[in-house]
Amino acid sequence: MNLLRHLLLRIVAVALLCLLATTAYVLVSSNQAARQATWRVTESLGKQLSFQQLQMRSGFGHALPFPDFTLWKQTRSVAGICVHFAATGSQKTYNLCNGAELPGTPVPSSFEALYRWFFNPGLALHQAITFKGLEYGVLTVTPSAEMEITQAWENIRRLLGLSVTTVFAVCCLVYLSIRRALRPAQTLVKGLGNLEQGQLSYRLPKFELIEWQRIAEAVNQLAASQQQLLSDRQRLAIQLLETQEEERRYLARELHDEFGQCLAAINAVTASIAQTAEERCPELLAETGQISQITQHLLIGVRGLLARLRPAELDGLGLKASLEGLVSAWNARGGGTRYRLVISGDCAALPEALALTLFRIIQECLTNIAKHAAASHAEVRLAISPGAVELDIADDGIATRLPFPPHTGIGLLGIRERASALAGWLELSLVQPHGLRVEVWLPLGPSTGVQT
């Protein structure tokens, strides 16, 4: 609508400029027509008086008194003209006015003042009446200024009426035509809004105008391309996560089977050496004890790595038991933060990829809370519905503003990538009076690549 109003204003402005130019032309033409009429009357009367002198000198025709304006009075060619003749060498003057009634429409005083200021109406013309080198008098023809102004106003009034009607009709036609032509713009804007919100399956309809149709085809092609790219990206992201988890599973198996077995063997050999040393060389008992402590420390570290790489509960007992074990482990570590887990819905209904993603996200969030939040309480809420999974993790830590500095947030970036890979989203917000809330939404359905 703004474009439509802008076009209408420009049309009206151009029409007003044209109207002003036409008005000026009409006024100038009216003034010139009035002066030409006065000049024609002056020239005609001058010829009549000169011809009368010819008749008087030659003795032809009736001897009429000079000057004789009978013929001019009979023709009445121009209304509102006053004639004045001053004889040479005499005080006699002759005056005659060809009056006419003014039109009934009154002339505005502002127009009359403006016309008088520009054109000086009622300007008299003078012509000397001569015959054979002798001057017999001066003829003065004075047009009626009121008649000229009235005629000019009538011309302008008719022009204004026609112009206003024309401009109004043109504006109506332009408004209806442009409104009909721009109507698809609303559909186009709505479609772009849908695409902006991520509804890449939306397609614009066909339009009558070829220009709109070309735009719609370009937008639909772009949406299809973006939809295909997003689908490929999600598929690649899922494959990447699966590859990553497979590597984690492999590393966990190698640590458990190889490194763990080696540490257990070292621990057994150390025990045998300690037993032999107790009988034959007691001074070696201290070194064997240190080896046993180092081995035990490595075993504890390996168990922690195994828990980080691939929790045994996730494969054996499922997501709920794994999360309960994870939260219990963090509570057992102390550190001043108490963790609480609330689960609603059936975790067993979740596919493996989604369950693993949720576990990794919660694991990363709890690690971030322990490292950076300095919180006293943290709560994990997991809600599972038939169409989506909602995860809400909130703490009462030291966070007071968003966004975080650029050099932080690597863990959050990983969470965002995991959610995006499954066609979900991540949103961060502050908890009053301080603290951070992490909200993750993951859909369940064929479009995400995750089937229930």
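Preceding this section is the structure that the text describes.
Being a predicted model, the structure only gives us computed values, none of them experimental. (Residues numbered from 1 in each chain as written. Predicted model: local features only at pLDDT ≥ 70, side-chain atom pairs only at ≥ 80, totals over all residues. Heavy atoms only, no water.)

Asks: Mind showing me how you'd approach the packing of aromatic side chains here?
Replies: Both the distance between ring centres and the angle between the ring planes are used here to describe each pair of aromatic rings. This model, assessed by the stated rule, comprises seven aromatic pairs. Note on Trp330 and Tyr339: the rings are 6.1 Å apart at their centroids and 50 degrees apart in plane angle, and the pair reads as tilted. Its relative accessible area of 12% is what places Trp330 among the buried residues. In this structure Tyr339 comes out as buried when scored by relative accessible area, which is 8%. (Phe/Tyr/Trp six-rings, centres within 6.5 Å; stacked < 30°, edge-to-face > 60°. Buried < 20%, exposed > 50% of the residue type's maximum accessible area, 1.4 Å probe, protein only.)

Asks: What is the right way to look at helix 5 (residues 210-280) in this model?
Replies: The α-helix winds at 3.6 residues per turn, so residues separated by three or four positions along the chain end up facing the same way. Counted at 1.5 Å a residue, the expected span for helix 5 with its 71 residues is 105 Å, and the 101 Å between its end C-alpha atoms agrees. The principal kink in helix 5, of about 30 degrees, is found at Leu255. (Helix = DSSP H or I, 4+ residues; strand = E, 2+ residues; numbered from the N terminus. Expected span 1.5 Å × (residues − 1). Bend = angle between axes of the 7 residues up to and from the residue.)

Asks: Honestly, the sheet that holds strand 7 (residues 388-395) in this entry has me stumped. Any pointers?
Replies: Backbone hydrogen bonds hold the strands of a sheet together, and the pairing may be parallel or antiparallel. Taking strand neighbours across the sheet as the criterion, the five strands line up as 5-6-7-9-8 in an open arrangement whose pairing is mixed. A single partner strand is all that each edge strand has here, and the edge strands are strand 5 (338-344) and strand 8 (425-430). Pairs of neighbouring strands in the sheet enclose a mean axial angle of 10 degrees, with direction left out of account. The sheet contact formed by strand 7 and strand 9 (residues 436-443) spans seven bridges and is antiparallel. Within strand 9, the position partnered with Ile393 by the bridge is Val438. Running at roughly 165 degrees to strand 5, helix 8 (residues 319-333) makes contact with strand 5 and strand 6 (377-384) of the sheet. Strands in contact with helix 9 (residues 352-373) are strand 5, strand 6, strand 7 and strand 9; relative to strand 7, the strand with the most contacts, it is inclined by about 10 degrees. (Pairing = 2+ DSSP bridges. Axes fitted to C-alpha atoms, helices over the stretch in contact; angles between N-to-C directions. Contact = heavy atoms within 4.5 Å.)

Asks: Would you mind showing me how to read the packing of helix 3 (residues 109-119) against helix 4 (residues 145-196) here?
Replies: Each pair of packed helices gets described by two things: the angle between the helix axes and the distance between those axes. Relative to each other, helix 3 and helix 4 sit at 115 degrees, their axes nearing to 10 Å. Considered as vectors, helix 3 and helix 4 are oriented roughly perpendicular to each other. Helix 4 is crossed by helix 3, and the crossing has right-handed handedness. In contact with Phe111, Glu112, Tyr115 and Arg116 of helix 3, helix 4 contributes Ala145, Glu146, Glu148, Ile149, Ala152, Trp153 and Ile156. A per-class count over the contact of helix 3 with helix 4 returns seven nonpolar, no polar and four charged. (Parallel < 35°, antiparallel > 145°, perpendicular 65-115°, else oblique. Left-handed = near helix turned anticlockwise from the far one by under 90°. Nonpolar A, V, L, I, M, F, W, Y, C, P; charged D, E, K, R; others polar.)

Asks: Got a minute to help me understand the pairing of strand 4 (residues 134-143) in this structure?
Replies: Walk down a regular strand and you will see the side chains alternate between the two sheet faces. With seven bridges connecting them, strand 1 (residues 81-87) and strand 4 associate as antiparallel partners. For Ile81, the partnering residue across the bridge sits in strand 4 and is Pro143. As judged from the seven bridges shared by strand 3 (residues 125-131) and strand 4, these two strands associate in the antiparallel manner. Its bridge partner lying in strand 4, Leu125 is registered against Val141. Linking strand 3 to strand 4, which pair antiparallel, is a turn of two residues; within it Lys132 sits at a positive phi near 50 degrees.

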